[in-house]
Amino acid sequence: MRRCLVFLVCVAAASGLRRAKYALPTMTEKPPKKDKPLAPSPKEPPRALSLRNLLGDAQLLIQIVKWSLVLGIGLVRAGSMLLGEAMMRSFYRTVVVIELRGVIADDRGFVNSGMWCLYNADNTDIQDDGLVSVRRVERALDRAFSIRKAKAVVLRIASPGGTASESALLHARLKSLKNRAARNHEKRINRFHRRFLRFVTRMKPSSPPEVLAYVDELCTSGGYFAASAADSIIASPCALVGSIGVIQRGFGFHRALRKDGVERRILAAGDAKAGLDPYLPKTRPGVAREKAILKELHDRFVTAVKEGRGDRLQYYAAADLAAQAQCTSWPSLSPAALAACWPNRILTRHRRAQRGAGLFDGSVHGALTALKLGLVDDVVEETFPEAMKQRYGRRIFLK
């Protein structure tokens, strides 16, 4: 009985607890507000599935591929050029060509120069784009003579001449660069490993680069002054060579001024200060001073040619040629014409040869005559590239 009462009490308590948990709200009580859950945010599609991102990635990929191809092609071309030049230098002989075309003069103020070594040229016919100066060609000459494996340095000359000072400077610069290249070459071949290699292989030592002057049109006066610094001179059959001399041109206006009643007045401290004024009659002292200047320049020109050409000059053949040219004017009965005619020609031959008649008197010769007189070493009838191939072999690299 007691157990039944305890069971009923437990069941009643359990039912009361259940009613309290699920009790219905009354009219006076407001039901508690339930917090609405936040709306789930729409899920963004992955980066690879987005159309915009796909387009952006494709454009970026295209740019990367394009610039990679450009860079690769550039590297391949640069490598092929470097490899080709290395192969050319290894298996071909390098011949460096320098163009000397135009009047030799200082391009900073050549118009006012009075001393000219020109053959049949005038100041009015000279343009600025046809000038050769030491300042313009010095960098090219330095680079040409600094190439170690160069077989030759070719001066392709087409010049009627120029000022005496600039021609002498160009000649001196060529000689100094040639001597420097020879000294550097001697230092290289005398190194221990090179001497040991030659001893083992029994090979002959290489020679320094040859300086060659090539004349295809005109090489007179100052142009030949510069060409005389070369080791050898070759020319085309129709080229003109020579004119070893100095000339000064001018005009005299004193008679025209006198006719117009104009008087020229000069005040100078020094008898030789005025020189040969074009508005005054020429005087013997003034002419003598100018001739002394011309002779000094001419002697410098002749000395340079003799040093460059050496025993190749044919003095007696040139003297005979000059005598034949003077003998054609024998009816004038001038002393030079009479001395050139037979039998005086034989008696005065040695004196004319010592004086340099036909060589150092300003005569201009064709290429074939210049070859006989020793002014050039060879006459080639081929074009310039073919002439270089005939001289240095078919496997050459003109630079």
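Caption draft 1: Region of the structure containing the confidence of the model for the protein. Looking at the protein as a whole, its pLDDT mean stands at 76, while 68% of the residues score no less than 70. Mean pLDDT values for the elements of the protein range from 41 in strand S3 (residues 115-118) up to 93 in strand S8 (residues 232-235). A low-confidence stretch, residues 17-29 stays under pLDDT 50, and its non-local contacts, those more than four residues away or across chains, total zero contacts. With pLDDT under 50 throughout, residues 110-128 is counted as low confidence; its partners more than four residues away or in other chains account for 48 contacts.

Caption draft 2: Spotlight on the nonpolar core. Among the nonpolar cores identified, the biggest contains 49 residues, and Leu141, Leu155, Leu170, Tyr224, Ile244 and Leu375 are the most heavily contacted of them. For Leu170, the contacting residues outside a window of four places in its chain are Ile104, Val132, Val134, Val137, Leu141 and Ala226. Formed by 11 residues, the second largest nonpolar core is a distinct cluster that contains Val95, Phe384, Met388 and Tyr392.

Caption draft 3: The pairing of strand S7 (residues 210-220), seen in detail. Most of S7 sits out of view: nine of its 11 residues are buried. Where strand S5 (residues 150-159) and S7 come together, seven bridges link them in parallel fashion. Opposite Ala152, over in S7, you have Glu210 as the bridge partner. Strand direction decides the pairing type here: S7 and S8, joined by four bridges, are parallel. Residue pairing in the sheet places Val215 in a bridge with Ala235 of S8. Between the parallel elements S7 and S8, the chain passes through helix H6 (residues 222-227) in a crossover that is right-handed.

Caption draft 4: Up close: the pattern of salt bridges. Counted by the stated rule, this structure contains 14 salt bridges. Its salt-bridge partner being Arg173, residue Asp142 comes within 2.8 Å of it at the nearest N-O pair. With Asp142 in helix H3 (residues 134-145) and Arg173 in helix H4 (residues 164-189), this pair connects stretches of sequence that are 31 residues apart. Here Asp231 makes a salt bridge to Lys178, at a shortest N to O gap of 3.2 Å. With Asp231 in the loop between H6 and S8 and Lys178 in helix H4, the pair connects residues that are 53 residues apart, well separated along the chain. Residue class for Asp231 comes out partly exposed when judged on its relative accessible area of 29%. The network of salt bridges with shared partners includes Glu99, Arg101, Arg156 and Asp216.

Caption draft 5: Here's a closer look at empty space enclosed by the protein. Under the counting rule described, the total for this entry stands at one cavity of 30 Å³ or more. A volume near 40 Å³ is recorded for the largest cavity. For the largest cavity, the full set of lining residues is Leu100, Arg101, Gly102, Ile104, Val132, Ile157, Ser159, Leu170, Gly223 and Ala226. Taken together, the elements giving at least two residues each to the lining of the largest cavity come down to strand S1 (93-101), S5 and H6. Partitioning the lining of the largest cavity into residue classes produces six nonpolar, three polar and one charged.

About the criteria used
Residues numbered from 1 in each chain as written. Predicted model: local features only at pLDDT ≥ 70, side-chain atom pairs only at ≥ 80, totals over all residues. Heavy atoms only, no water. pLDDT = per-residue confidence, 0-100. Helix = DSSP H or I, 4+ residues; strand = E, 2+ residues; numbered from the N terminus. Contact = heavy atoms within 4.5 Å. Core = buried A, V, L, I, M, F, W, Y, C linked by side-chain atoms within 4.5 Å. Buried < 20%, exposed > 50% of the residue type's maximum accessible area, 1.4 Å probe, protein only. Pairing = 2+ DSSP bridges. Right-handed = clockwise from strand over helix to strand, strands pointing away. Salt bridge = Lys/Arg side-chain N within 4 Å of Asp/Glu carboxyl O. 1 Å grid on protein atoms, 1.4 Å probe; cavity = no way out; pocket = protein on both sides within 12 Å on 5 of 7 lines; lining within 4 Å. Points joined across faces, edges and corners; volume = space filled by probe spheres on them. Nonpolar A, V, L, I, M, F, W, Y, C, P; charged D, E, K, R; others polar.

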